[in-house]
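Chain and residue survey
In case you want the letters, here they are:
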Amino acid sequence: MADEKQTEVSAAVDPERLVRLYREMVLVREFEEASQRSFRQGKIGGYLHVYTGQEAVAAGFLSQKKEEDKVITAYRDHAHALMLGADPKEAMAELFGKRTGMVKGKGGSMHLFDVDRGLMGGYGIVGGHVPLGVGIAYALRYRGSDGICQLYLGDGAVQTGAFHEAANLAGLWGRDGMCPVVFIVENNQYAMGTSVERSTANPDFAGKFEAYGIESEKVDGMSLEAVLEAGGRVFEEVRESGKAYAIEAITYRIAPHGAADFFEKYRTKEEVREWRQKDPIGLLEQRLLDLDAVDEEKLQEIKDEAKRTIEEAVRFADESEEPPPEELYTDVYAGEDEYLGKE
Amino acid sequence: MAEKTYREALKEAMTEEMERDESVLLLGEDIGVYGGTHLITDGLLDMFGKKRVIDTPISEAGFTGAAIGMAMMGLRPVVEMMTWNFSFIAADQIIQNAAKVRYFSGGQVQVPLVIRGPNGGGVQLSAQHTHSLESFYGHFPGLKVVAPVTPADVKGMMISSIRDPNPVIFLEAGALYGTRGEVPEGEHTVPFGKARVAREGSDVTLVAYGRQVLLCERAAERLAEDGIEAEVIDLRSIRPLDEETVIESVRKTHRAVSVQEQWRYYGVSSEIAAIIQEKAFDYLDAPVERVSGAEVPAPYARNLELMCFPSEEQVVEVARRVLYQEV
Ligand SMILES: Cc1ncc(C[n+]2csc(CCOP(=O)(O)OP(=O)(O)O)c2C)c(N)n1
Ligand SMILES: [Mg+2]
């Protein structure tokens, strides 16, 4: 049964597209490795949450974003920004707290925004951005756009009140065709050190949406092709219906929760090793070789290129200037040249 | 100008703005079919339809957050908090998203949002339903906070709030919805950060906002009977705060009493006192005093509740004290 589906899926996929997305996934992996290194060197402050292991999810879904669509996510947001087309230099510069950063050095790793490309931000309070995404979807319809909102959230966020309130609203508004939102639950098995098993008595994340009248499905988040298939189908349905929909992408955070976590008491090395067998990049490499879409040499070439791009991004970030002191008091209020709170 | 109630002034402002601007829409619990808990939005569902007058379930975090998302997309939602007592559930959305997202997005988005509803007590609602949240919300950069008291200001500040590109916390004096006053017809805006001199005087400055302004005006009448001319300043806007008008008044009167319904510690009156001593220290002839609510959760019994809120007598007494008169 599963095999049948797999062949069906593959038939629809064009190898060139897979290679293109492979390139993006490798770039994100490189970016994350470099950001962790820079964190250890003290060049990046605050919290740093990397996406390693989950690349197929963002690649599969975001590559199908249409111009009018919007995207919102939590703090594990580097991949989302890069895959929507942000310049790795500006993304890295943001992590370094530089004026050339995506949000001028004012948000850091957790708050990448690229409104021109539809990225409505990364947010740091778990679950807190979920209502925003629902409102964004409503606004799209209110304005007569046929855009949809891809709303990313973690398994941990599903346990928050904000999520449940927002999901209920999405179900309700969707009944009138006013909520074209796709909840993408990135179930990476953990919320920091709390496993899914220890955080909910009902670990069927897709199933939880039923309580709110929202249809859902699960997808293998380690398989780019499966994600592409689900995204392609679901996004067009939601665009058409204006009804909320949920996809639980089953994936795994191979990296530690944050770059400062060295010991992982909450999971075993064996478990991580096992999931590494399903590393989405490794799986995709094998698939591309099987399809004869690439050879080993080509794969290496792609990796080398990503490495160069990221090295350049790190250099750019390192050499960029800090935000000028005047920036401290800008962007507090809109439409005001002189902020009253300025000392 | 026509005489209107506080309630009518509010509704008029929202109606006019909705007629003028398609991007204005309302959200809240029971604002549509039910007509609004305090009848502020009565009839608007019929006028504008359910796409623009959205009855929400009891999900303060959910619908406040959704409204923030809408505002980031360029809509101008006006959210009704049935009463501000329920806003703690939405506080994460208000503080962590609405107030800050412009800053942490490096100016890429703005949040033209109004959250409005009745604030303060006085009608025996007891502990969980009695709060004055002006200093709570006034604490956060990124928010604007207003607390108008006259129907004219209510209309003018609501229109200004809806047109403002920032999140505005609109604190209504719930106990005054039925009070009347002259309200200018049509286009009438009142800018933020401008206090109103509600009564001129030369002997002592009484600073207040919201319902306490009326109390101070009554106290000023009483003081006048004894030949004391009190100046009453209605702050109207808590953030931004019009420091200048307060300072100017104190330079003239040399004495000030700041009156608030909320608890004494860390309140607006403490801020007023601090600003006066920083900026008009040399003009002061007496310490700035505060008249505040009692430091207890609000009780139910009428007699106890009355003891909790500033009274006319208290204001008169404290005003006399800063004038070094026998009390
Ligand atoms: C409301 C809140 N509580 C706690 C935290 C601290 N925290 C940051 S990330 C995290 C885990 C969230 O897990 P999940 O939603 O599954 O996302 P993931 O990190 O796996 O991507 C926690 C508890 C927070 N940021 N916000
Ligand atoms: Mg998780």
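As annotated in an unreviewed UniProt entry, chain B carries the name Alpha-ketoacid dehydrogenase subunit beta and comes from Rubrobacter taiwanensis.

Looking at an unreviewed UniProt entry, one finds chain A named Pyruvate dehydrogenase (Acetyl-transferring) E1 component subunit alpha and attributed to Rubrobacter taiwanensis. Looking at chain A in UniProt, the text filed under Cofactor (unreviewed entry) is "thiamine diphosphate".

Let's shift gears to the overall build of chain A. Counting secondary structure elements, chain A contains 13 helices and eight strands. Relative to its length of 343 residues, chain A is compact, with a C-alpha radius of gyration of 20 Å against a globular reference of 20 Å. C-alpha atoms of chain A, sized along the principal axes, occupy 65 × 55 × 40 Å. Relative to its full complement of 343 residues, chain A shows a buried share of 58%. Here the analysis covers contacts within chain A between residues at least 6 apart in sequence; of these, 75% occur between residues at least 24 apart. For chain A, the accessible area works out to roughly 14800 Å², and carbon and sulfur atoms hold 47% of it. Side chains of chain A carry 41 positive and 64 negative charges; the gap between the two charge centres is 2 Å.

All names here are of chain B. Tallying each qualifying case throughout the model produces four cavities of 30 Å³ or more. Approximately 140 Å³ is the volume found for the largest cavity. Around the largest cavity, the lining comprises 17 residues; the ones closest to its centre are Asn-119, Tyr-209, Gly-210, Arg-211 and Glu-261. At the level of elements, β7 (168-173) and α8 (211-225) are the ones that each hand at least two residues to the lining of the largest cavity. It is β7 that contributes the most residues to the lining of the largest cavity, three residues altogether. Broken down by class, the residue content of the lining of the largest cavity amounts to six nonpolar, seven polar and four charged. Counting residues domain by domain, the lining of the largest cavity receives three or more from each of domain 1 (2-183) and domain 2 (196-322). There is about 120 Å³ of room inside the second largest cavity. Around the second largest cavity, the lining comprises 13 residues; the ones closest to its centre are Thr-130, Glu-261, Gln-262, Trp-263 and Phe-309.

Looking now at helix α5 (residues 88-95) of chain A. In an α-helix there are 3.6 residues to a turn, and that puts residues three or four apart on one side. Residue and element names in this part refer to chain A. Extensive coverage of α5 is indicated by the burial of six of its eight residues. Every buried residue of α5 is listed here: Pro-88, Ala-91, Met-92, Ala-93, Glu-94 and Leu-95. Of the surrounding secondary structure, the elements contacted by the buried residues of α5 are α2 (15-40), α4 (78-83) and α13 (296-319). The N-cap of α5, judged by a side-chain oxygen 2.8 Å from the amide nitrogen of Lys-89 a few residues on, is Asp-87. In the stretch just after α5, Gly-97 is the one whose phi turns positive, near 70°.

So, on to the site of ligand 1. Residues and elements named next belong to chain A. Around ligand 1 sit 14 residues, and of these Tyr-75, Arg-76, Gly-156, Asn-188 and Tyr-190 come closest. A distance of 2.8 Å separates an oxygen atom of ligand 1 from a polar atom in the side chain of Arg-76. Between Tyr-190 and ligand 1, the recorded distance is 2.9 Å, taken from a backbone N or O atom to an oxygen atom. Considered on its own, ligand 1 offers 580 Å² of accessible surface; in the complex 70% of this is hidden by protein.

Moving on, we get to the sheet that holds strand β11 (residues 230-234) of chain B. Across a sheet, strands are paired by hydrogen bonds formed along the backbone, either parallel or antiparallel in direction. Residues and elements named next belong to chain B. With respect to topology, five strands assemble into an open sheet ordered β9-β11-β10-β13-β14, the strand pairing being mixed. If you trace the sheet from one side to the other, it starts and ends with β9 (196-199) and β14 (289-293), each paired once. For this sheet, the mean angle separating the axes of adjacent strands, direction not counted, is 25°. Across three bridges, strand β10 (residues 204-208) lies against strand β13 (residues 256-263) in parallel orientation. Note that in β13 the partner of Leu-206 across the bridge is Val-257. Each of β10, β13 and β14 touches helix α10 (residues 268-279); the most contacted strand, β13, lies at about 155° to it. Packing against the sheet, helix α12 (residues 312-322) makes contact with β10, β13 and β14, and its axis sits at approximately 165° to β14.

Let us now look at the environment of Gly-117 of chain B. Residues and elements named next belong to chain B. Within the secondary structure layout, Gly-117 lies in strand β5 (residues 114-119). Between the C-alpha atom of Gly-117 and that of Asn-85, which follows or precedes it by 32 residues, the distance is 9.5 Å. What Gly-117 contacts, discounting residues up to four positions off in sequence, is Met-81, Trp-84, Phe-170, Leu-171, Glu-172 and Tyr-177.

All names here are of chain A. Going through the model one piece at a time under the given rule, you end up with 50 salt bridges over all chains. Across the salt bridge formed by Lys-303 and Glu-285, the nearest N and O atoms sit 3.1 Å from each other. Of this pair, Lys-303 sits in helix α13 while Glu-285 sits in helix α12 (residues 280-290); the two residues are 18 residues apart in sequence, bridging distant segments of the chain. Residue Lys-303 is classed as partly exposed on the basis of its relative accessible area of 30%. The exposure class of Glu-285 is buried, given its relative accessible area of 16%. One salt-bridge network, held together by shared partners, links Lys-66, Glu-68, Asp-69, Glu-236 and Arg-239.

Residues annotated in UniProt with the feature "domain: Transketolase-like pyrimidine-binding" (unreviewed entry) correspond here to residues 4-179 of chain B. In this annotation, residues 4-179 of chain B is assigned 36% helix and 17% strand; the end-to-end C-alpha distance for the span is 8 Å.

Counting residues at the interface gives 44 residues for chain A, matched by 48 residues for chain B. Carbon and sulfur atoms make up 64% of the area that chain A and chain B hide from each other, which totals about 3500 Å². Taken together, the links from chain A to chain B amount to one salt bridge. Lys-50 of chain B serves as the salt-bridge partner of Asp-176 of chain A, at 3.5 Å between the closest nitrogen and oxygen. Linking chain A to chain B there are 19 residue pairs in polar contact (both at pLDDT 80 or more). No other element matches helix α6 (residues 130-142) of chain A, which puts eight residues into the side of chain A that touches chain B. Partitioning the side of chain A that touches chain B into residue classes produces 26 nonpolar, eight polar and 10 charged.

Next up on the list: the coordination of the magnesium ion (ligand 2). Coordination of the magnesium ion (ligand 2) by the protein is provided by Asp-155 of chain A (OD), Asn-188 of chain A (OD1) and Tyr-190 of chain A (O), with metal-donor distances spanning 2.1 Å. Assessed through its relative accessible area of 6%, Asn-188 of chain A is described here as buried.

With that settled, the discussion passes to the sheet that holds strand β12 (residues 237-239) of chain B. All names here are of chain B. Strand order in this open sheet of seven strands is β3-β2-β4-β5-β7-β6-β12, and the pairing throughout is mixed. The outermost strands of the open sheet, each flanked by one partner alone, are β3 (53-55) and β12. On average, each strand axis in the sheet is inclined to that of its neighbour by 20°, with strand direction left out of account. Alignment of strand β4 (residues 76-80) against β5, held across three bridges, turns out to be parallel. Residue pairing across strands places Val-79 opposite Ile-115, the latter belonging to β5.

Conventions used here
Residues numbered from 1 in each chain as written. Chains lettered and ligands numbered in written order. Predicted model: local features only at pLDDT ≥ 70, side-chain atom pairs only at ≥ 80, totals over all residues. Heavy atoms only, no water. UniProt positions renumbered as here; feature names shortened; annotations may be inferred. Helix = DSSP H or I, 4+ residues; strand = E, 2+ residues; numbered from the N terminus. Rg over C-alpha atoms; globule rule 2.2 N^0.38 Å. Buried < 20%, exposed > 50% of the residue type's maximum accessible area, 1.4 Å probe, protein only. Contact = heavy atoms within 4.5 Å. Areas by Shrake-Rupley, 256 points an atom, 1.4 Å probe, with all protein chains shown as cover. Lys, Arg positive; Asp, Glu negative; His and termini not counted. Charge placed at Lys NZ, Arg CZ, Asp CG, Glu CD. 1 Å grid on protein atoms, 1.4 Å probe; cavity = no way out; pocket = protein on both sides within 12 Å on 5 of 7 lines; lining within 4 Å. Points joined across faces, edges and corners; volume = space filled by probe spheres on them. Nonpolar A, V, L, I, M, F, W, Y, C, P; charged D, E, K, R; others polar. Domains from an automatic or database assignment. Polar contact = N/O pair within 3.5 Å; in protein donor to acceptor, adjacent residues only side chain to side chain. Near = heavy atom within 4 Å. Pairing = 2+ DSSP bridges. Axes fitted to C-alpha atoms, helices over the stretch in contact; angles between N-to-C directions. Salt bridge = Lys/Arg side-chain N within 4 Å of Asp/Glu carboxyl O. Buried area = accessible area lost by both parts, 1.4 Å probe. Donors = N, O, S within 2.8 Å, 3.2 Å for Na, K, Ca; no water.

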